[in-house]
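# Coordinates in review
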Amino acid sequence: MLPHTKIVELFRSRGIKVTPQRVAVYSALTGLKHPCPEDVIGKVKETFPAISTATIYNSLDFLVQKNLIRKVNTADNRMCFDWDMSEHYHIYCADSRKILDFRDEELTRMIREYIGKKCISGFELTDIQLQLVGYMK
Ligand SMILES: [Zn+2]
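For clarity, every value in this text was computed on a predicted model and none was experimentally measured. Residues take numbers from 1 onward in each chain, read along the sequence in its written order. Local features are withheld for residues below a pLDDT of 70 in this predicted model, meaning they are given only at 70 or higher, and side-chain atom pairs are given and counted only at 80 or more; totals for whole chains, interfaces and linings count all residues. Excluding hydrogens and water, the side-chain values take into account all heavy atoms of the structure.

Protein-derived coordination of the zinc ion comes from His34 (NE2), Asp82 (OD), His88 (NE2), His90 (NE2) and Asp101 (OD), at a distance range of 2.1 to 2.2 Å. Of note, the donors binding the zinc ion are all from one chain and are spaced H-x47-D-x5-H-x1-H-x10-D. One end of the pair, Asp82, is in strand β2 (residues 79-82); the other, Asp101, is in strand β4 (residues 99-102), with 19 residues separating them in the sequence. The donor set covers N, O and S atoms within 2.8 Å of the metal, switching to 3.2 Å for Na, K and Ca, and it leaves out water, so a site may look short of donors. Per the convention used, a helix needs a DSSP run of H or I reaching at least four residues, while a strand needs a run of E reaching at least two, with both numbered from the N terminus.

Moving on to the nonpolar core. Within the largest apolar cluster, 21 residues are counted, with the highest numbers of intra-cluster contacts made by Phe11, Val25, Leu29, Val44, Ile56, Leu60 and Leu63. Counting residues per element, the ones that place at least two in this core are α1 (4-13), α2 (20-30), α3 (37-47) and α4 (53-65). Leaving out residues up to four positions away in the same chain, Val44 has contacts with Ala24, Val25, Ala28, Ile51 and Ile56. Note on terminology: a nonpolar core comprises buried Ala, Val, Leu, Ile, Met, Phe, Trp, Tyr and Cys residues joined through side-chain atoms within 4.5 Å. Burial here depends on accessible area, computed with a 1.4 Å probe over protein chains only, as a share of the maximum for the residue type. Under 20% is buried, over 50% is exposed, and the range in between is partly exposed. Note on contacts: a residue pair is in contact if any heavy atoms of the two residues lie within 4.5 Å.

In the predicted model, the protein chain carries a mean pLDDT of 94, and the fraction of residues at 70 or more is 100%. pLDDT gives the predictor's per-residue confidence on a scale running from 0 to 100. Mean pLDDT across the secondary structure elements of the protein chain bottoms out at helix α5 (residues 105-118), with 94, and peaks at α4, with 97.

Take the side chain of His90 next. Among the secondary structure elements, His90 is positioned in strand β3 (residues 89-93). Of note is the side chain of His90, whose polar atom sits 3.3 Å from the side chain of Asp101. With residues near it in sequence (within four places) discarded, His90 still touches His34, Arg70, Val72, Asp82, Ile99, Leu100, Asp101, Leu130, Gln131 and Leu132. Polar contacts, as counted here, are pairs of nitrogen or oxygen atoms within 3.5 Å of one another; within protein the pair requires one atom able to donate a hydrogen and one able to accept it, and residues that are adjacent in sequence qualify only if both atoms are side-chain atoms.

Salt-bridge detection follows one rule: a side-chain nitrogen of Lys or Arg within 4 Å of a carboxyl oxygen of Asp or Glu. All chains considered together, the criterion is met by five salt bridges. Where Arg78 meets Asp76, a salt bridge forms, and the shortest distance between an N and an O atom there is 3.9 Å. A relative accessible area of 25% places Arg78 in the partly exposed class. Each of the salt bridges in this network shares a partner with another, and the network as a whole consists of Asp76, Arg78 and Arg97.

Moving on, we come to the packing of aromatic side chains. Here a pair means two rings of Phe, Tyr or Trp (six-membered ring of Trp) with centres within 6.5 Å. Their orientation is stacked below 30 degrees between planes, edge-to-face above 60, and tilted elsewhere. Summed over the entire model, instances satisfying the criterion amount to one aromatic pair. We note Arg22 situated over the ring of Phe62; from NZ or CZ to the ring centre the distance is 3.7 Å. Charges are assigned to positions over rings by a cutoff of 6 Å between ring centre and Lys NZ or Arg CZ, combined with an angular limit of 35 degrees from the ring normal.

As a further point, take the sheet that holds β3. Pairing between two strands requires that DSSP report at least two bridges joining them. On the basis of which strands lie adjacent, the open sheet formed by three strands has the order β4-β3-β5 and mixed pairing. Because the sheet does not close on itself, it has two edges, and the strands there are β4 and β5 (131-134). In this sheet, neighbouring strand axes are inclined to one another by 25° on average, regardless of whether the strands run parallel or antiparallel. Of the pairings in the sheet, the one linking β3 to β5 comprises four bridges and is parallel in character. The residue bridging His90 from the neighbouring strand is Gln131, located in β5. Lines are fitted to the C-alpha atoms to define the axes, a helix being fitted only along its stretch in contact, and any angle between axes, read from their N-to-C directions, falls within 0 to 180 degrees.

If you want it as structure tokens, here you go:
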């Protein structure tokens with residue numbers, strides 16, 4: 001989990017108003033890997049039992065809007081969150097339903113070059129979201 005001082009620093013650097021609820025939600029997220037909303041709610045309530053579920057959902061939406069976290073939809077339509085905003089892809093195990101991070105600069109370069117060559121009219125590539133679905137042995 002990221003220390004509170006680092007989270008406050010991050011929020012301030014992005015011009016985000018620091019509230020104890022937002023800090024608690026972001027802090028909980030940083031202690032989890034690709035959690036679903038229920039995981040986040042459980043984790044936040046460990047340290048902040050009085051917080052309402054609606055406030056946690058609102059904070060999650062707010063953090064997504066502010067680009068501090070992102071939503072990840074799994075192949076079987078579960079919604080998870082990712083606080084690691086660095087460029088990476090996901091490997092999804094359809095058996096264990098776990099999401100693993102997968103970093104591959106060569107793949108990113110290949111996709112960007114390929115899409116660049118295709119000259120899709122009026123399209124500018126800004127983000128690549130890729131999920132590889134299969135089974136981990
Ligand atoms: Zn990830």
